[in-house]
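# Descriptive analysis of the structure
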Amino acid sequence: MSHTVDDQPTFNRRHFLIGAGGLSALALGGLKVGPASAAGLKVAAVFATPIEEPWDNQIHVALLKAEKQLGIEYKWSENVQEADFARVMREYAQKGFQLVVGDAFAAERIARQVAKSFPKVAFLFGSGAGPAEPNFGVFDNWIQEPAFLSGMIAGKMTKTGVVGAVAAMAIPEVNRLVNAFFAGAKEVNPDVKKKVAFIGSFFDPPKAKEAAIAQIEAKADVIYAERFGVIEACKDKGVYAISNMSDQSSIAPDTVITGPVWDMFPTIEQAVKLVKAGVFTAQDYGDFSRMGKGGSDLAPYHDWDAKLPADVKALVAQRRQDILDGNFRVDVDEGTPTSD
Amino acid sequence: MWGLVDQLFQVGFLAALVRIATPLLLATLGEMLSERAGVLNLGIEGIMLIGAMAGFSVAYFSGNLWLGVAAAMAVGMVMAALHALLTVSFGLSQHVSGIGVTMLSSGLAFYIYRLVFGQPGQPPSVTAFQPLPLPGLSALPVIGPALFSQHALTYIAFLLVPLSAFILDHTPWGLSVRMVGENPHAADSAGVSVVARRWQAVVIGGGLMGVAGAFLSLAQFNAFTFGVINGRGWVAIALVVFGQWRPWRCAAGALMFAFIDALQLRLQASGLGQHVPYEAFLILPFLLTIVAMASVSRNAVAPAALLKPFRKEER
């Protein structure tokens, strides 16, 4: 990969966040201060993981886009451990931030309690549970539609008839994507066999890589890379990969065919609009992550545009249109997937 | 099921086992050396993380992977020196200091990575170490591709086993390291500087821990991410006990853990997952390490002065 470094952020404040959760849980979380815009809406994000975590990163990317395009003022804290979650949320709420975004999976109860004590602040959190009146809205990565489309490509591209998926752990957010991926593969290739591996953590690329290698030895030749590390294994072993969450073609253009992409911007845009108008309500914003709302899609094919067989492309394009038109619904299956 | 059996007799399984064992082996040898001198180093988890970060960062900017490995070793030594200062020179609790070193190292690794790389959406990467087939040996059937087409760091890690056994058992320096770990007052009477010897063992051990981390970010993978150590340091501490503070047995422990880990990844890919929850597979290496450790360590005798600070005037 090329040696590019993203723009250096300005650290205007630094937080020492010492987590009581684990032995290695010491973290330095930085608050980034964006360009001052007095008229802009003040939006903060509280992330439980480092910003590289693919899930949180998509929220972060959408908020940066909102900073540019909608003129919001954006600050964030990352790697906020459970013990600090309430304090960091409160700090933002007290400092006049009108919208606080984040992922609540590690701290559902805490996030909801804090939200209750600031009824005038809008909270929008990634959550597996429902919204809570009056001000706690939720969203989630409802991107099973492009995961299904990716599975169709995998089912068509496999030569061995075995497709794999390497994922973090069997939680609903992961299961529904992996299951949709396999459902897509099965639809176009009913005899396809599936391989599933969970690595038991969110960040262990060497382990994810080893899990992918084990699947490749078991004949898998298209693997859904839910976590970092899988694409590298596929590249080394000369099989195909399906990326996850963002367009990761640049890691290995010849290896990564495409993959589901989550775009949180429509969700953020909607929430910002409602807060600005003073009509933010506690609702499930999950719908804004669907393809129909522009909240998710397949990653661009890049070089694969020329390499994918025309019939495969046509098949996927047709199904994509069916989904957009509302004529096809991808089942949400949150059961734990298993290997055949 | 037959697919699984077939897979276990493949070269790939043996190769994966050796690959997975490498960072554990380096870390375990480092921890063993430190403990043989009487100093438990719980800083290992953090030292491995900051080693992975430093190794990656230096390799990224210099374009030289070996420079990265050297940097990881140097940073590991610096963090271990802090532990030596607190526990050997100041005689503080080894447990408290070790945990402190892990927390400080983890925090520093995070902080420095952010200062250097900012908040990249996709972690920046380097071209990692490529496997280095040994001429002649790699042509052997089965064990050639499995054992002799590995990373250079893997060969080094495994050569360190006989080397450290030789140094500990057959050199004056090794003898004095064991003495300060067993009976520092006797060593002191014999004219050995207990403080110097402990410092040396702890610092060299830290260097190995740093390299263990760099193996993860420069050989087994090509980028640094924050959770990358993921408990491997704590596993190494258990493996030292399992290995009864002896290099060959520590190596056997690392290989055993890696064997189960490579096995469970293949079990997950087999149809067994339809009958057994995946968590059961994931926990296997840890479970068996605990079982093995519990059965073996009954007879194990830790270095007598482990955890005991040395003060010349005290007995």
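Scope of this entry: the structure provided in the associated data block. What you see is a predicted model; the values in this text were computed from it and never measured.

### Observations regarding the interface of chain B and chain A
It is common to give the size of an interface as the accessible area that goes away when the parts come together. Each side of the interface is counted separately: chain B has 53 residues, and chain A has 56 residues. Each partner contributes to the roughly 4800 Å² buried at the junction of chain B and chain A, and carbon and sulfur atoms together form 55% of this total. Three residues, Gln119, Gln122 and Phe221 of chain B, lead the burial of chain B against chain A; their summed loss comes to 14% of the area buried on that side. Viewed at the interface, chain A and chain B are joined by 6 salt bridges. Seen at the junction of chain B and chain A, the total is 18 residue pairs in polar contact (both at pLDDT 80 or more).

### Some remarks on unusual backbone geometry
That bond from Glu133 of chain A to Pro134 of chain A is cis: its omega, 5 degrees, falls within 30 degrees of zero. As for its placement among the helices and strands, Pro134 of chain A is situated in the loop between strand E6 (122-126) and strand E7 (136-139). A positive phi angle, close to 75 degrees, is found at Leu307 of chain B, a residue other than glycine. The topology assignment puts Leu307 of chain B in the segment after helix H13 (278-296).

### With respect to empty space enclosed by the protein
Counted according to the given criterion, the structure contains 4 cavities of 30 Å³ or more. Of the pockets and cavities examined, the largest cavity occupies roughly 90 Å³. Contributing to the lining of the largest cavity are 10 residues, with Glu232 and Ile251 of chain A together with Pro123, Phe221 and Ala223 of chain B lying nearest its centre. Tallied by class, residues from the lining of the largest cavity come to 6 nonpolar, 3 polar and 1 charged. Of the volumes computed, that of the second largest cavity is approximately 70 Å³. Forming the walls of the second largest cavity are Pro54, Ala225, Glu226, Arg227, Phe228, Gly229, Val230, Ile231, Glu232, Asn244, Gln248 and Ile251 of chain A.

### With respect to the pattern of salt bridges
What the rule picks out here adds up to 23 salt bridges over all chains. Arg114 of chain B is the salt-bridge partner of Glu78 of chain A, the closest N and O atoms lying 2.4 Å from each other. Of this pair, Glu78 of chain A sits in the loop between strand E4 (73-77) and helix H2 (82-94) while Arg114 of chain B sits in helix H5 (residues 94-117), which puts the two residues in different chains. Owing to a relative accessible area of 1%, Glu78 of chain A belongs among the buried residues under this scheme.

### Describing helix H8 (residues 265-276) of chain A
Residues and elements named next belong to chain A. Taking 1.5 Å of rise per residue, 12 residues should cover 16 Å, and H8 covers 16 Å from first to last C-alpha, within 8% of that figure. Residues Phe265, Pro266, Thr267, Ile268, Gln270, Ala271, Val272, Leu274 and Val275 constitute the buried set of H8. Buried residues along H8 sit against helix H1 (54-69), strand E5 (99-103), E6 and E7. Immediately downstream of H8, the backbone of Gly278 shows phi near 75 degrees, a positive value.

What counts, and at which threshold
- Residues numbered from 1 in each chain as written.
- Chains lettered and ligands numbered in written order.
- Predicted model: local features only at pLDDT ≥ 70, side-chain atom pairs only at ≥ 80, totals over all residues.
- Heavy atoms only, no water.
- Contact = heavy atoms within 4.5 Å.
- Buried area = accessible area lost by both parts, 1.4 Å probe.
- Salt bridge = Lys/Arg side-chain N within 4 Å of Asp/Glu carboxyl O.
- Polar contact = N/O pair within 3.5 Å; in protein donor to acceptor, adjacent residues only side chain to side chain.
- Helix = DSSP H or I, 4+ residues; strand = E, 2+ residues; numbered from the N terminus.
- 1 Å grid on protein atoms, 1.4 Å probe; cavity = no way out; pocket = protein on both sides within 12 Å on 5 of 7 lines; lining within 4 Å.
- Points joined across faces, edges and corners; volume = space filled by probe spheres on them.
- Nonpolar A, V, L, I, M, F, W, Y, C, P; charged D, E, K, R; others polar.
- Buried < 20%, exposed > 50% of the residue type's maximum accessible area, 1.4 Å probe, protein only.
- Expected span 1.5 Å × (residues − 1).

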